[in-house]
Every structure is written in C-alpha cells, then in structure tokens.
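# Report on the structure
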Amino acid sequence: MTARLVLLLPILLALVLISAIAVVWARHENRVLFVQLTKLQSQRDALNVEFGRLELEKATWAEPSRIETIARSKMGMVNPTAADTRLIRR
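No experiment lies behind these values; they were computed from the predicted model shown. (Residues numbered from 1 in each chain as written. Predicted model: local features only at pLDDT ≥ 70, side-chain atom pairs only at ≥ 80, totals over all residues. Heavy atoms only, no water.)

Okay, the overall build of the chain next. What the chain contains, in helices and strands, is two helices and zero strands. In summary, the chain has a C-alpha radius of gyration of 37 Å against a globular reference of 12 Å for 90 residues, an excess of more than 25%. Its C-alpha atoms give the chain principal-axis dimensions of about 115 × 35 × 15 Å. Across the 90 residues in the chain, those meeting the buried criterion constitute 1%. A total of about 9000 Å² of accessible surface is found on the chain, and carbon and sulfur atoms cover 69% of it. (Helix = DSSP H or I, 4+ residues; strand = E, 2+ residues; numbered from the N terminus. Rg over C-alpha atoms; globule rule 2.2 N^0.38 Å. Buried < 20%, exposed > 50% of the residue type's maximum accessible area, 1.4 Å probe, protein only. Areas by Shrake-Rupley, 256 points an atom, 1.4 Å probe, with all protein chains shown as cover.)

This is the structure:
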C-alpha cells in the first residue's frame with residue numbers, strides 16, 4: 001500500500017501544479033482579452049460619434065435651400081419662365 005502511495009503522490013502533485021499553472025494562464029488570457037475588448041468598444045463608440053457628425057454635416061450640405069442659393073449665386077441658374085417651358089406628349 002505504501003509503495004502505491006509513493007508512486008501516486010508525485011503524480012498527483014504534478015497534476016495539481018499543472019492545474020494551477022493552467023488557471024493562472026487562463027486568468028491572464030482573460031485579462032488580456034478584456035483589455036482588448038474595452039479598447040475596441042471605445043473605438044466603436046468614437047466611430048459612432050464621428051458617423052453621426054458626418055451624417056449631420058451631409059444633411060446640412062444637402063439642404064435644398066442651400067443648394068438653390070448656390071445654384072442661383074454661383075451658377076446663375078433661374079427658374080424657367082412659362083415661355084421657356086414646353087410640354088411633350090407621347
């Protein structure tokens with residue numbers, strides 16, 4: 001019985017050490033991945049803010065009254081008169 005115990009004790013000790021090392025490694029990996037997740041979430045939030053700002057800017061630049069003002073002032077465009085309008089029937 002004691003010979004069996006002498007052989008079994010080092011094996012159990014090695015398994016306990018391997019298990020402890022695996023737990024430490026898993027916790028370290030968990031921390032590294034959590035830090036990476038936090039960075040990616042911050043980056044996502046910053047990109048969402050930038051996207052919202054760009055959408056607002058796009059809406060401002062595409063406003064019909066602004067386009068009409070630019071068309072009239074820079075391009076000299078005017079609304080056609082009744083004489084300039086022709087009706088085409090098929």
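Past the structure itself, the notes keep going.
Moving on, we get to helix 2 (residues 64–75). Three or four residues apart is the spacing at which side chains of an α-helix point the same way, because the helix has 3.6 residues per turn. When the terminal C-alpha atoms of helix 2 are compared, their 15 Å separation across 12 residues agrees well with the 16 Å that a helix rising 1.5 Å per residue should span. Of the residues one or two after helix 2, G76 is the one with positive phi, at around 70°. (Expected span 1.5 Å × (residues − 1).)

The next subject is the pattern of salt bridges. On inspection of all chains with the given rule, the structure shows four salt bridges. With a shortest N-O distance of 3.0 Å, R72 and E68 are connected by a salt bridge. With a gap of four residues between them, R72 and E68 both fall in helix 2, about one helical turn apart. Residue classification places E68 among the partly exposed residues on the basis of a relative accessible area of 43%. Through salt bridges with shared partners, a single ionic network connects E50, R53 and E57. (Salt bridge = Lys/Arg side-chain N within 4 Å of Asp/Glu carboxyl O.)

A word on the environment of G76. Along the chain, G76 turns up in the segment after helix 2. Along the primary structure G76 and V35 are separated by 41 residues, whereas in three dimensions their C-alpha atoms are 57 Å apart.

Glancing now at the environment of I18. With respect to the helices and strands, the residue I18 is situated in helix 1 (residues 2–61). Sequence separation of I18 and K39 is 21 residues, and the distance between their C-alpha atoms is 32 Å.

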